[in-house]
Amino acid sequence: MTATFRYSVGPWNIHTGADTFGPPVRAEVPFARKLELMKEIGFDAIQLHDDDAVPDLNECDSRSLRTKAKELKRQLDDAGLVPEFVAPRLWEDARTRDGAYTANLKQLRDYADERSKKAIEVANELGTNNIVLWLAREGNFVPENKSTTRSLHYLTEAINRMLEADKQIRIMIEPKPNEPVDKSFVPTVGHALALGYATADPSRVGVLIESAHSLLAGLDPADDMAFALAHRKLWGVHLNDQNGLKFDQDRPFGSVNLRQAFNQVRVLMESGYGSGGEYVGLDVKALRTQSDEKACKHLANSLFVAERLADKVRSLNAAEVAARQEDGDYEELDRYIIDHLLG
Ligand code: 3MF
Ligand code: MG
Ligand code: MG
């Protein structure tokens, strides 16, 4: 197994350390500097929200939006970074406070449509076909405030409109069970795949799996990835880590659950993930305690762990694993894997 990964990351992963309970503790890093840092650390591609690409896109008409996206494309080319995907940010604007595609008011759902079309225009100009949908506020706290059945219908129809608006794009649904909502309408990979199959063109709807989001659903990220791979639907990943069922921690890959991280890398490598042009994406946050000068270590550490684990996958004794699968001595298999990881 010689697969080498190509990595991607988003500009939001180099950040000021502000959280729900406190203001920034580090200076904002200028966008151009972020691109340099990404390249230096070893990334080949960049993930973008629509407004990471064009910050004032709500105020832009189609022409100015396209001009600005074109400028960005030049900047990315110069920096040597490929745009992996564009994700409409459907959770910050006040018009998305009741969810976006599933908002109860028609004019709010219309805003979500408009915004999604802008994200598609940005993607067109950047030259990527991948649209990521993290359905952040499509869910509820008050169980009676929305019909879940109707909400699923709204989501299907909204995706259909995007697929219809542009025949080239692919939608990658990034499921998450909770936060900022209490109960998401699309909490797991299985839900996301089912939603994709219910659309007008299932061949253009897949998933992006974030390790922490699987863990928050009480599931194993490697199994989730394998499930999506079996459906040929794993088109993106957000490798990171998470300590139990708490807030979304976006910890560096492998920093909490090293064996689960090993198995994510193993599952990806065994399936040939990446050979179709897929990137191994990160979605990690730096601890608030990091100084300005040391605010990218979480990125470097995640790549370090992924590469070290890829070596461990390559040096795995396949005959030993097969023999234990054959004779059923899974205690011995367990010991072998742990010894291999420690060695
Ligand atoms: C939230 C996330 C998001 C998405 C991003 C792209 C800010 O838990 O994981 O990160 O990954 O919006 O879809
Ligand atoms: Mg996350
Ligand atoms: Mg993510």
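Predicted, not measured: the structure shown is a model, and the values here were computed from it.

### Some remarks on the pattern of salt bridges
And then number 1: According to the stated counting rule, one finds 29 salt bridges in the structure shown.
And then number 2: Here Glu-270 and Arg-266 are joined by a salt bridge, their closest N and O atoms 3.2 Å apart. Highlighted residues: Glu-270 and Arg-266, both in helix H9 (residues 258-271), separated by 4 residues, approximately one helical turn.
And then number 3: By relative accessible area, Arg-266 is classed as partly exposed at 23%.
And then number 4: Put simply, Asp-50, Asp-51, Asp-52, Arg-89, Glu-92 and Arg-115 are held in one network by salt bridges that share partners.

### Considering the nonpolar core
And then number 1: Ranked by internal contacts, the top residues of the largest apolar core, which has 82 residues, are Tyr-101, Val-122, Ile-171, Ile-173 and Leu-234.
And then number 2: The residues contacting Val-122, other than those within four sequence positions of it, are Ala-53, Val-54, Leu-57, Leu-65, Ala-69 and Val-86.
And then number 3: Of all hydrophobic cores here, the second largest spans 7 residues; its members include Ala-87, Met-172, Leu-208 and Trp-235.

### Topic: the packing of helix H4 (residues 106-126) against helix H5 (residues 148-165)
And then number 1: The geometry of H4 relative to H5 is characterised by a closest axis approach of 10 Å and an angle of 35° between their N-to-C directions. Here H4 runs over H5; the crossing is right-handed. Of the residues in H5, those in contact with Arg-109, Asp-113, Ser-116, Lys-117 and Ile-120 of H4 are Tyr-154, Ala-158, Arg-161, Met-162 and Ala-165.
And then number 2: For the contact of H4 with H5, a count of residues per class yields 5 nonpolar, 1 polar and 4 charged.

### Some thoughts on the site of ligand 1
And then number 1: Every residue close to ligand 1 is listed here: Trp-12, His-49, Trp-91, Val-132, Trp-134, Glu-174, Lys-176, Glu-210, His-213, His-238, Asp-248 and Asp-283.
And then number 2: At 2.9 Å, a side-chain N or O of His-213 approaches an oxygen atom of ligand 1.
And then number 3: Here an oxygen atom of ligand 1 and a side-chain polar atom of His-238 are 3.1 Å apart.
And then number 4: Here ligand 1 has 350 Å² of accessible area as a free molecule, and 92% of this is covered by the chains.
And then number 5: When each cavity is represented as a set of grid points, ligand 1 is found to reside in the largest pocket.
And then number 6: Looking at the shell around ligand 1, its residues break down into 4 nonpolar, 3 polar and 5 charged.

### Thoughts on the coordination of the magnesium ion (ligand 3)
And then number 1: Around the magnesium ion (ligand 3), the donor atoms from the protein are Glu-174 (OE), Glu-210 (OE), His-238 (ND1) and Asp-283 (OD), and they sit 1.9 to 2.3 Å away.
And then number 2: Viewed at the metal, the 6 donor atoms of the magnesium ion (ligand 3) are separated by angles of 77 to 169°, and the geometry they form is octahedral.
And then number 3: Here the donor residues of the magnesium ion (ligand 3) are spaced in sequence according to E-x35-E-x27-H-x44-D.
And then number 4: For the pair the magnesium ion (ligand 3) and the magnesium ion (ligand 2), the metal-to-metal distance amounts to 3.9 Å, and Glu-210 bridges them. Residue His-238 is located in strand E9 (residues 234-239), and its partner Asp-283 is located in the loop between strand E10 (280-282) and helix H10 (297-314); the two are separated by 45 residues in the primary sequence. Like Asp-283, His-238 is buried.

Thresholds applied
- Residues numbered from 1 in each chain as written.
- Chains lettered and ligands numbered in written order.
- Predicted model: local features only at pLDDT ≥ 70, side-chain atom pairs only at ≥ 80, totals over all residues.
- Heavy atoms only, no water.
- Salt bridge = Lys/Arg side-chain N within 4 Å of Asp/Glu carboxyl O.
- Helix = DSSP H or I, 4+ residues; strand = E, 2+ residues; numbered from the N terminus.
- Buried < 20%, exposed > 50% of the residue type's maximum accessible area, 1.4 Å probe, protein only.
- Core = buried A, V, L, I, M, F, W, Y, C linked by side-chain atoms within 4.5 Å.
- Contact = heavy atoms within 4.5 Å.
- Axes fitted to C-alpha atoms, helices over the stretch in contact; angles between N-to-C directions.
- Left-handed = near helix turned anticlockwise from the far one by under 90°.
- Nonpolar A, V, L, I, M, F, W, Y, C, P; charged D, E, K, R; others polar.
- Near = heavy atom within 4 Å.
- Polar contact = N/O pair within 3.5 Å; in protein donor to acceptor, adjacent residues only side chain to side chain.
- Areas by Shrake-Rupley, 256 points an atom, 1.4 Å probe, with all protein chains shown as cover.
- 1 Å grid on protein atoms, 1.4 Å probe; cavity = no way out; pocket = protein on both sides within 12 Å on 5 of 7 lines; lining within 4 Å.
- Sits in = over half its atoms within 2 Å of the grid points.
- Donors = N, O, S within 2.8 Å, 3.2 Å for Na, K, Ca; no water.
- Tetrahedral: all angles 85-135°; square planar, octahedral: opposite > 155°, others 65-115°.

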